[in-house]
Amino acid sequence: IPQNQNTGWYDLEVYDQCSGNWIVSNDAFYVSSALQTASINWISPDNGDQGEYLNVTISGNNIDYGGQWSGTNLSDFRFSQWSGSNMFYGNSTGESGNELYGDVSIPQNQNTGWYDLEVYDQNSGNWILLNSAFYVNYSSPSTSINWISPDNGDQGQTLSVTICGSNMNYGNQWSGTLSNF
């Protein structure tokens with residue numbers, strides 16, 4: 001049956017060699033529409049850093065994303081590693097045709113590596129999967145100076161101070177590589 005064949009009932013006609021006539025059976029065969037398989041094509045961008053906020057576009061085929069015209073909420077989408085673990089979700093913001101739009105906030109401590117992308121299909125009630133669709137990159141934590149004590153001194157005075165910082169490597173006093181300030 002051709003992919004673009006019209007749906008509906010068809011007559012069956014068989015030529016009878018003995019009689020030389022066509023024998024007809026009305027409405028003998030029904031052609032139905034082919035079941036379209038839902039699939040995800042891609043996500044853009046397809047990677048992000050730990051702690052990063054991204055706007056994303058997801059492209060799919062035959063997925064019902066829901067939305068304002070269907071009277072339903074937009075479909076959820078999520079990222080998972082190793083058969084559903086290390087999961088984090090995106091937030092759907094819109095849809096148009098075969099595309100779903102959203103934003104993603106990748107947690108700072110999210111494991112790095114490849115993640116499967118799953119999009120909820122409102123028509124079938126299933127999660128549609130694209131394996132290894134998104135990569136979480138390592139992002140070094142930002143460094144900062146939190147405080148210094150004492151925080152004041154007189155001109156010409158020699159001070160011994162304590163400095164506290166976050167995510168800083170001060171070196172090692174035993175190796176002779178302490179940071180200067």
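Residues numbered from 1 in each chain as written. Predicted model: local features only at pLDDT ≥ 70, side-chain atom pairs only at ≥ 80, totals over all residues. Heavy atoms only, no water.

Topic: the overall build of the protein chain
Next, step 1: Of the regular secondary structure elements, the protein chain holds zero helices and 12 strands.
Next, step 2: Here the protein chain holds 181 residues, and the buried ones make up 25% of them.
Next, step 3: Contacts spanning at least 24 positions in sequence make up 50% of the contacts within the protein chain whose residues lie at least 6 apart.
Next, step 4: Accessible surface, the protein chain: about 12400 Å² in total, of which carbon and sulfur atoms supply 45%. (Helix = DSSP H or I, 4+ residues; strand = E, 2+ residues; numbered from the N terminus. Buried < 20%, exposed > 50% of the residue type's maximum accessible area, 1.4 Å probe, protein only. Contact = heavy atoms within 4.5 Å. Areas by Shrake-Rupley, 256 points an atom, 1.4 Å probe, with all protein chains shown as cover.)

Examining the pattern of salt bridges
Oppositely charged side chains can pair when the atoms bearing their charge come close.
Next, step 1: Following the criterion strictly, the structure yields one salt bridge and no others.
Next, step 2: The residue glutamate 118 makes a salt bridge to arginine 78 at a minimum N-O spacing of 3.2 Å. Of this pair, glutamate 118 sits in strand S9 (residues 113-121) while arginine 78 sits in strand S6 (residues 77-81), and the two are 40 residues apart along the sequence. In this pair, the class of glutamate 118 matches that of arginine 78, namely buried. (Salt bridge = Lys/Arg side-chain N within 4 Å of Asp/Glu carboxyl O.)

Some details on the pairing of strand S2 (residues 21-31)
Within a regular beta strand, the side chains point alternately toward one face of the sheet and then the other, so they alternate between its two faces.
Next, step 1: Relative to S2, strand S1 (residues 8-16) is paired through eight bridges, and the arrangement is antiparallel. Paired with valine 14 across the strands is isoleucine 23, a residue of S2.
Next, step 2: The antiparallel hairpin formed by S1 and S2 contains four residues in its connecting segment, where glycine 20 sits at a positive phi of about 75°. (Pairing = 2+ DSSP bridges.)

Regarding the pairing of strand S8 (residues 99-105)
Next, step 1: Here strand S5 (residues 53-61) pairs with S8 via seven bridges, running antiparallel. Counted as the bridge partner of tyrosine 53 is serine 105 from S8.
Next, step 2: Pairing between strand S7 (residues 85-96) and S8: six bridges, direction antiparallel. Counted as the bridge partner of serine 92 is glycine 102 from S8.

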